[in-house]
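# Commentary on secondary and tertiary structure
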Amino acid sequence: MPKDPKSTKNAKDASTPDGFSEQERAAMKERAAELKAAGRRGRGAAKAAAEEKDLLAKIAKMPEPDRQLAERVHALVTETAPELAPKLWYGQPAYARDGKVVCFFRSGLMDKTRYSVFGFNETANLDGPSGLWPTSYALSELTEAAETTLRELIRQAVS
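Residues numbered from 1 in each chain as written. Predicted model: local features only at pLDDT ≥ 70, side-chain atom pairs only at ≥ 80, totals over all residues. Heavy atoms only, no water.

Naming follows an unreviewed UniProt entry, where the chain appears as DUF1801 domain-containing protein of Streptomyces cheonanensis.

Written as structure tokens, this is what we have:
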């Protein structure tokens with residue numbers, strides 16, 4: 001008689017449908033650390049400066065070419081929507097308004113996936129009249145066309 005697969009489940013086995021991968025577990029730990037650090041920082045300009053410093057340090061640790069991509073995305077977001085506050089979110093760069101993440105960058109190399117992602121959360125004002133709109137974009141290269149599209153999306157997201 002075959003064994004029940006759930007009874008032999010190894011917590012470190014990422015191939016099981018209900019298990020977390022190593023990257024997912026690491027992201028959850030990073031998010032817990034981010035929340036703990038945010039609680040110690042208080043409020044205001046000092047907190048915002050510390051969060052941006054953490055974000056820039058995380059970008060600096062990214063492997064190339066994602067580091068260069070994340071640096072360009074950071075510059076693009078902060079130029080296009082200076083009202084968004086840079087912060088880490090699950091260990092990756094994100095940009096928030098009133099403490100809620102509007103958009104984010106996920107390094108494909110750090111996540112061990114095929115491509116990086118630039119995405120938007122439900123707080124982004126992207127709702128389309130058709131009832132269907134994309135909320136994340138694969139990002140392998142930041143061409144002029146991609147940069148123009150991202151700028152337009154970011155402007156719409158914060159409008």
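### Quick word on the sheet that holds strand 2 (residues 92-97)
If you trace the 5 strands from one edge of the open sheet to the other, you get 1-2-3-4-5, paired in antiparallel fashion. If you trace the sheet from one side to the other, it starts and ends with strand 1 (85-89) and strand 5 (136-139), each paired once. This sheet shows a mean twist of 25 degrees between the axes of neighbouring strands, independent of strand direction. Packing against the sheet, helix 2 (residues 45-61) makes contact with strand 1 and strand 2, and its axis sits at approximately 55 degrees to strand 1. Helix-sheet contacts for helix 3 (residues 66-80) involve strand 1, strand 2, strand 3 (100-106), strand 4 (116-120) and strand 5, and the interaxial angle to strand 3 is about 150 degrees. (Pairing = 2+ DSSP bridges. Helix = DSSP H or I, 4+ residues; strand = E, 2+ residues; numbered from the N terminus. Axes fitted to C-alpha atoms, helices over the stretch in contact; angles between N-to-C directions. Contact = heavy atoms within 4.5 Å.)

### Regarding the packing of helix 2 against helix 3
Packing of helix 2 against helix 3 brings their axes to within 8 Å, and their N-to-C directions diverge by 150 degrees. Overall, the two elements helix 2 and helix 3 adopt an arrangement that is roughly antiparallel. The residues of helix 3 that touch helix 2, namely those facing Glu 52, Leu 55, Leu 56, Ile 59 and Ala 60, are Arg 67, Ala 70, Glu 71 and His 74. Classifying every residue of the contact of helix 2 with helix 3 gives 5 nonpolar, 1 polar and 3 charged. (Parallel < 35°, antiparallel > 145°, perpendicular 65-115°, else oblique. Nonpolar A, V, L, I, M, F, W, Y, C, P; charged D, E, K, R; others polar.)

### Focus: the environment of Ala 27
Position of Ala 27 relative to the elements: it lies in helix 1 (residues 22-41). Residue class for Ala 27 comes out buried when judged on its relative accessible area of 13%. The spacing of Ala 27 and Asp 111 is 84 residues in sequence and 9.1 Å in space, taken between C-alpha atoms. (Buried < 20%, exposed > 50% of the residue type's maximum accessible area, 1.4 Å probe, protein only.)

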